[in-house]
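What the coordinates show
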Amino acid sequence: MGRAKRLLSSLTNETKRWQERQASFQTQRTNLLGHSLLSAAFVAYNGFLEQQRRMDAIIQWEATLSECNIKFDDEFQFGDFMVDPEQLMNWTSKELPNDDLCIQNAIILSTEDKRTPFIIDPAGQATNYLVNSNKNIVRTSFLDKKFSKNLESCLRFGSPLLIEDGEQIDPLVLPVLTRDFRKAGGRTLLELKHNEIDVSPSFQLFIVTRDTDFAPNPSISSMTVLVNFSVTSLSLRAQCLTRLLKFKLPDVEKRQRELHESLANMQVELREHEEKMLTVFSTTKGEILENDTLLHLLEDIKTESIDIEKKATETRQTLQEITQTSEQFSPVADIATSLYFALRHMSVVHYLYQFSLQFFWSIFDKIVAVEATPEELVSLITKGTFQA
């Protein structure tokens, strides 16, 4: 009787939680077709678009789904549907900015599309992320004297190849873009400069341009996956707020970062506990009540699950409070964003007026490091930007 009570006690809490999850699963199942169609369309068509046009496209597709009576969540978020917390934490640890645009682009890059990614990256954010994500990556350009040698070496030995300043495609790389490979006895061969070379299955190619006005011709578009990392007002504003917190409220910024990581870890742990419980029940033989190991394990899972859910709830509340605290710097982030795009459009006045995001960050960081109120920072940033 005592064993039965312990078992029921351990399972009661799990039953309540699984009933709640079941209702959530049912909703997800109902919306699965609609969300899958939206995500597939996003990956296929939105990579080249800037952030606002991506949002407009989603709205149009949702209207089409409604006309076809296909269910979806009005609050659908591409990033939440396509990536789990563990993967997101891994990406941000490799210097991927934690804003919607960059996360969306990372998802597109991670899909199993065999075409070569062609990345528009004026600020260098994608380049940093790719370098940190791929070991032994080789960086080159079409103007590099060693380009052909680098290409052949990477094809043979499977090292990732990053081609920078790739606006003018070298014909040498076209067979790779068109995947003009030939199978022979388990080998993958490619004709390069009239020589057949073995192609490693681990070979990856990335082409990057810093030109925000780059407009690929239809041929290049059909051979590559276009991914636009151009900074938008929404993504830049989010990055400005993060930097402001880092300078003005470093403890809060550190706490926010730690809480995001902690929340992701807790969600992973909770999923692992659920999988462990299902595995235990499916593999246990004989009478459950006679299995002391099983009873102790269930009690441990129950205690840990309750603790994790409690901590997760507290963490979400704390993150909301931190977000409200950071909003005091919203006027500074707004003016900084406007100033950056004003600088970018100075090239219309004269082509020599070219300003990089790194240049802007150097000014921004120098000014926000000064002791000043948010109102004073708005004035300082405005003056400092045009005096630099």
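Higher on the page you've got the structure.
Residues numbered from 1 in each chain as written. Predicted model: local features only at pLDDT ≥ 70, side-chain atom pairs only at ≥ 80, totals over all residues. Heavy atoms only, no water.

What about the overall build of the chain?
What counts is decided by this rule: Only DSSP runs of H or I with at least four residues qualify as helices, and only runs of E with at least two residues qualify as strands; both kinds are numbered from the N terminus onward. For each residue, the accessible area found with a 1.4 Å probe, counting protein chains only, is set against the maximum for its type, and the residue is called buried under 20%, exposed over 50%, and partly exposed in between. By the convention used here, residues are in contact when the closest approach between their heavy atoms is within 4.5 Å. In short, Shrake-Rupley with a 1.4 Å probe defines the accessible areas, and a residue's cover is counted only from the protein chains shown.
If you tally the helices and strands in the chain, you get 15 helices and eight strands. By residue count, 39% of the 388 residues in the chain fall in the buried class. For the chain, restricting intrachain contacts to residue pairs at least 6 apart in sequence, the fraction spanning at least 24 positions comes to 72%. For the chain, the exposed area adds up to about 22,400 Å²; of that, 51% sits on carbon and sulfur atoms.

Thoughts on the nonpolar core
Let me state the cut-off plainly: For our purposes a nonpolar core is just a set of buried Ala, Val, Leu, Ile, Met, Phe, Trp, Tyr and Cys residues, chained together by side-chain atoms within 4.5 Å.
Within the largest apolar cluster, 27 residues are counted, with the highest numbers of intra-cluster contacts made by Trp91, Leu96, Ile119, Leu130, Val227 and Phe229. Looking at this core, the elements with two or more residues in it are helix H1 (2–45), helix H2 (51–67), helix H5 (100–110), helix H6 (125–133), strand S7 (205–209) and strand S8 (224–228). In terms of residue count, H5 provides more of this core than any other element does, six residues in total. Residues within four places of Val227 in sequence aside, it is in contact with Gly47, Asn105, Ile108, Leu109, Phe118, Ile119 and Ile120.

So, the side chain of Asp99
Stated formally: When charges are counted, Lys and Arg contribute as positive and Asp and Glu as negative, whereas His and the chain ends are disregarded. Within this document, salt bridges are pairs made up of a side-chain nitrogen of Lys or Arg and a carboxyl oxygen of Asp or Glu, the two lying within 4 Å of each other.
By the element assignment, Asp99 lies in the loop between helix H4 (85–92) and H5. The buried charged residue Asp99 lacks any salt bridge partner; its closest oppositely charged side chain belongs to Arg54, at an N-O distance of 8.3 Å. In this structure, Asp99 is in contact with Ser235, Ala238 and Gln239, ignoring residues within four places of it in sequence.

Some remarks on the pattern of salt bridges
Per the counting criterion, the structure on display carries seven salt bridges. Put simply, Arg210 and Asp165 hold a salt bridge, and the shortest N to O gap is 2.9 Å. Residue Arg210 is located in the loop between S7 and helix H9 (218–223), and its partner Asp165 is located in the loop between strand S3 (161–164) and helix H8 (174–177); the two are separated by 45 residues in the primary sequence. In this structure, the salt-bridge partner of Asp334 is Arg237, at a minimum N-O distance of 2.7 Å. Here Arg237 lies in helix H10 (residues 233–248) and Asp334 lies in helix H13 (residues 330–344), a separation of 97 residues in the sequence.

Here's the deal with the environment of Phe360
Topologically, Phe360 is positioned in helix H14 (residues 357–368). For the pair formed by Phe360 and Leu339, sequence separation is 21 residues and the distance between their alpha carbons is 9.1 Å. Leave out the neighbours within four places in its chain, and Phe360 touches Ala336, Tyr340 and Leu343.

Observations regarding a nonpolar patch on the surface
Basically, it comes down to this: Like charges within 9 Å and nonpolar side chains (Val, Leu, Ile, Met, Phe, Trp, Tyr) within 5 Å are joined into patches, using only residues over 30% in relative accessible area that form no salt bridge.
On the surface, Leu32, Phe81 and Met82 cluster together into a nonpolar patch covering about 240 Å² of accessible area. If you trace the backbone, Leu32 turns up in helix H1.

Describing the sheet that holds strand S1 (residues 116–120)
Note the cut-off: Here, a strand pair is defined by DSSP locating no fewer than two bridges between the strands. Only C-alpha atoms enter the line fits that serve as axes; for helices the fit covers just the stretch in contact. Angles between N-to-C directions range over 0 to 180 degrees.
In spatial order, the strands read S2-S3-S7-S1-S8; together these five strands make up an open sheet with parallel pairing. In the strand order of this sheet, the two ends are held by strand S2 (138–141) and S8, each with one partner. Each strand of the sheet is rotated relative to its neighbour by a mean of 25°, with strand direction disregarded. Both S3 and S7 contribute to a ladder of three bridges, which runs parallel. Paired with Leu161 across the two strands is Leu205, which belongs to S7. Contacts from H5 reach S1 and S8, with the element oriented near 170° to S8.

Focus: the packing of aromatic side chains
Here is the rule we go by: Here the aromatic set is Phe, Tyr and Trp, taking the six-membered ring for Trp, and pairing holds for ring centres within 6.5 Å; pairs whose planes are under 30 degrees apart are stacked, those over 60 apart are edge-to-face, and all others are tilted.
Tallying each qualifying case throughout the model produces 11 aromatic pairs. Between Trp361 and Phe364 the ring centres are 5.5 Å apart and the planes differ by 75°, which places this aromatic pair in the edge-to-face class. Here the residue Trp361 and the residue Phe364 both occupy positions in helix H14, the gap between them amounting to three residues, near one helical turn. In this structure an aromatic cluster arises from ring pairing among Tyr340, Phe341, Phe360, Trp361 and Phe364.

Topic: the packing of H10 against H13
To keep things clear, this is the line we draw: The cut-offs work like this: below 35 degrees is roughly parallel, past 145 is roughly antiparallel, 65 to 115 is roughly perpendicular, and the gaps in between are oblique. For a crossing to be left-handed, the near helix must be turned anticlockwise from the far one by less than a right angle; the clockwise case is right-handed.
Their axes nearest at 9 Å, the elements H10 and H13 cross at an angle of 130°. By the angle class used here, H10 and H13 are oblique. In this structure, the crossing between H10 and H13 has a hand that is right-handed. Across the interface between the two elements, Ser233, Leu236, Arg237, Cys240, Leu241 and Leu244 from H10 touch Ser330, Val332, Ala333, Asp334, Ala336, Thr337, Tyr340 and Phe341 from H13.

Some remarks on the pairing of S7
Regular strands have side chains that alternate between both faces of the sheet. A large share of S7 lies buried, amounting to five of its five residues. Burial along S7 is two-sided: Leu205, Ile207 and Thr209 facing one way and Phe206 and Val208 facing the other are all buried. As judged from the three bridges shared by S1 and S7, these two strands associate in the parallel manner. Considered in S7, the bridge of Phe118 is made with Ile207.

Quick word on the sheet that holds strand S4 (residues 181–184)
Taken together, three strands build an open sheet; the order of strands is S4-S5-S6 and the sheet is antiparallel. Two strands close off the open sheet at either side, each with one partner strand: S4 and strand S6 (195–198). Averaged over all pairs of adjacent strands, the angle between their axes in this sheet comes to 40°, without regard to strand direction. In terms of strand pairing, S4 meets strand S5 (residues 187–192) through four bridges, oriented antiparallel. In the strand pairing of S5, Arg182 is matched with Leu189.

Any functional reading would require information that these geometric values do not contain.
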